[in-house]
Amino acid sequence: MRVVIGEDQALVREGIVRVLERAGFEVVAVAADAPDVLRQVRARRPDVLITDIRMPPDLTDDGLRAALEIRSSEPGVGVIVLSQFLEDRYAFELVGDRAEGVGYLLKEKVADPAVLVDAVRRVAEGNTALDPDVIARLVGRKRVGSPLDDLTPRERDVLALMAEGHSNVGIAEKLVVTVPAVERHVTGIFSKLGLHQSASSRHRRVLAVLRYLQN
């Protein structure tokens, strides 16, 4: 699996390189600013791009804008963005209308090699890897008259894992329950949130949940 890394902090960049290479990935290029991220991805055609949100030249959201451009122009490249701060709007903007092959992680999570490696593998396979802390905040926030109030604690657990991009099998493994039990919870969640159950694929399901949580 071929990876391009966009990160302007040398120590962080080298740490990511080391983690990925130890996991058997091939880091084909690194970039220290957003324009070089675009150049390297287009020249190297990696399976996955990992980029920080805040990068030169402006040190604002240059990395995110580069990631969005790659998402638009290079749909075969999976994209993971790293954020220093918990900004759920970045996750929504990144996913947009296509949940395939996209990830959003808090930068502190990179300190756990297993989390980063798992995210890269999931995104490379065309799946979603959204940071649990972002999803937990969205699921847990209080809104007047929200249908989320009708969810049981277990349904909230299932909803959070759905929004992260996990399949029913993956949710069952994480919660140590049966797949049929997860399916019953999913049915209840869709009913209570007024989401169409016809959105049965993993990606459409993630989009449906994210759109609901965004409101």
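The present account deals with the structure reproduced in this document. The shown structure was predicted, so the numbers you read here are calculated from the model rather than taken from an experiment. (Residues numbered from 1 in each chain as written. Predicted model: local features only at pLDDT ≥ 70, side-chain atom pairs only at ≥ 80, totals over all residues. Heavy atoms only, no water.)

The next subject is the pairing of strand S4 (residues 78–83). Among the six residues that make up S4, six are buried, leaving the element largely enclosed by the rest of the structure. Every second residue of S4 is oriented toward a common face, with Gly78, Ile80 and Leu82 on one face and Val79, Val81 and Ser83 on the other, all of them buried. Inspection of the sheet shows strand S3 (residues 48–52) paired to S4 by five bridges, in the parallel sense. In the strand pairing of S4, Val48 is matched with Gly78. In this fold, the crossover linking S3 to S4 by way of helix H3 (residues 62–73) has right-handed handedness. Here five bridges tie S4 to strand S5 (residues 102–106), and the two strands are oriented parallel to one another. Bridge pairing in S5 places Leu82 opposite Leu105. (Buried < 20%, exposed > 50% of the residue type's maximum accessible area, 1.4 Å probe, protein only. Helix = DSSP H or I, 4+ residues; strand = E, 2+ residues; numbered from the N terminus. Pairing = 2+ DSSP bridges. Right-handed = clockwise from strand over helix to strand, strands pointing away.)

Before going further, it helps to examine the environment of Met162. Topologically, Met162 is positioned in helix H7 (residues 153–164). On the accessibility criterion, Met162 (0% relative accessible area) is buried. In sequence terms Met162 and Gly63 are 99 residues apart; their C-alpha atoms lie 26 Å from each other. If sequence neighbours within four positions are ignored, Met162 has contacts with Ile171, Val186, Ile189, Phe190, Arg205, Val206 and Val209. (Contact = heavy atoms within 4.5 Å.)

A separate point is the pattern of salt bridges. In this structure the tally under the stated criterion is 14 salt bridges. With a shortest N-O distance of 3.4 Å, Arg39 and Asp36 are connected by a salt bridge. Here the residue Arg39 and the residue Asp36 both occupy positions in helix H2 (residues 34–44), the gap between them amounting to three residues, near one helical turn. Residue class for Asp36 comes out buried when judged on its relative accessible area of 16%. Taking the shortest distance from any N to any O, the salt bridge between Glu74 and Arg45 comes out at 2.3 Å. Of this pair, Glu74 sits in the loop between H3 and S4 while Arg45 is found in the loop between H2 and S3, placing the two residues 29 residues apart along the sequence. (Salt bridge = Lys/Arg side-chain N within 4 Å of Asp/Glu carboxyl O.)

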